[in-house]
Amino acid sequence: MAKPVSMTVEAGLAAEQALLAAVCAGEQEFGLLFWQPSDQALVMPRRLSRLPAFETASQVSAAAGWPVLLRETGGEPVPQSSATVNIALVYAPPRSEGDQNRIETGYLRLCQPICDLLIELGGDASVGEIDGAFCDGRYNVNLNGRKMVGTAQRWRQSGGRPVGLVHGALLLDNDRDALIAAVNRFNEACGLEQRVRADSHIALHEAFPAPDAISRLDTLYRQMLASVLPG
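Just so it is clear, the model here is predicted, and its values are computed rather than measured.

Criteria and thresholds
- Residues numbered from 1 in each chain as written.
- Predicted model: local features only at pLDDT ≥ 70, side-chain atom pairs only at ≥ 80, totals over all residues.
- Heavy atoms only, no water.
- Axes fitted to C-alpha atoms, helices over the stretch in contact; angles between N-to-C directions.
- Helix = DSSP H or I, 4+ residues; strand = E, 2+ residues; numbered from the N terminus.
- Parallel < 35°, antiparallel > 145°, perpendicular 65-115°, else oblique.
- Left-handed = near helix turned anticlockwise from the far one by under 90°.
- Contact = heavy atoms within 4.5 Å.
- Nonpolar A, V, L, I, M, F, W, Y, C, P; charged D, E, K, R; others polar.
- Polar contact = N/O pair within 3.5 Å; in protein donor to acceptor, adjacent residues only side chain to side chain.
- Buried < 20%, exposed > 50% of the residue type's maximum accessible area, 1.4 Å probe, protein only.

As a further point, take the packing of helix α2 (residues 54–63) against helix α4 (residues 176–190). How two helices pack is summed up by the angle between their axes together with the distance between the axes. Close contact between α2 and α4 brings their axes to 8 Å; oriented N to C, the two are set at 150 degrees. Regarding the angle of α2 to α4, the classification is roughly antiparallel. Here α2 and α4 pass one another in a crossing that is right-handed. Across the interface between the two elements, Phe54, Ala57, Ser58, Val60 and Ser61 from α2 touch Arg185, Phe186, Ala189 and Cys190 from α4. Of the residues contributing to the contact of α2 with α4, the split by class is six nonpolar, two polar and one charged.

What follows is the structure in structure tokens.
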């Protein structure tokens, strides 16, 4: 049964980049990684490091037990802890798809298996923005009207073709109050206006025991990739 790999947040981010590099180099056709942090950190896009108060806010966050790490994908600050499972999907779309809807298609390929799982469990699954959610976006995966998964992606050109790292951070266990506090603490110290709310989020295990959820997701993603990729 597939289980997420336990590793530090720093090691998990590095593993995602290594997976992207391996697919770019043609060493493997696609990459699929589930990993669960063994520590905690506040992960944010590199662009935020250019803000005037970033260093001060990082020190405030680290002093509260949430060191700041930078990632290559976009978005806003995302708290990572053992309550989270990360999904990294790396693939090169078939050339026949063209390039026009590559970003949207990437998000849908990440989101659909999660939605399918939630529907199988008896949940109300949706994709879209949720007011008060951290790193809110059009491609959140939501359970019963509350955000459960945040998504982001990054693309590289390799040998004349795009290769994408499409990432989801799934809230597995209810640690919402601590996660929300970490984001709001940083935002306040950094002079960012956004404040997020715990009740805008939900953890999978709050709604369903779902002991086989990650194993089921692994199967659903592999089925999806087999239908998309040639060979």
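Moving on to the side chain of Arg109. By secondary structure assignment, the location of Arg109 is in helix α3 (residues 102–121). In terms of polar contacts, Arg109 uses its side chain to reach the side chain of Tyr91, at 3.4 Å.

Quick look at unusual backbone geometry now. A positive phi angle, near 45 degrees, is found at Cys135, a position not held by glycine. If you trace the backbone, Cys135 turns up in the loop between β7 (125–127) and β8 (141–143). Look at Ala210: it is not a glycine, yet its phi comes out positive at around 40 degrees. In this structure, Ala210 sits in the loop between α5 (204–207) and α6 (213–228). Note on Ala210: relative accessible area 10%, which makes it buried.

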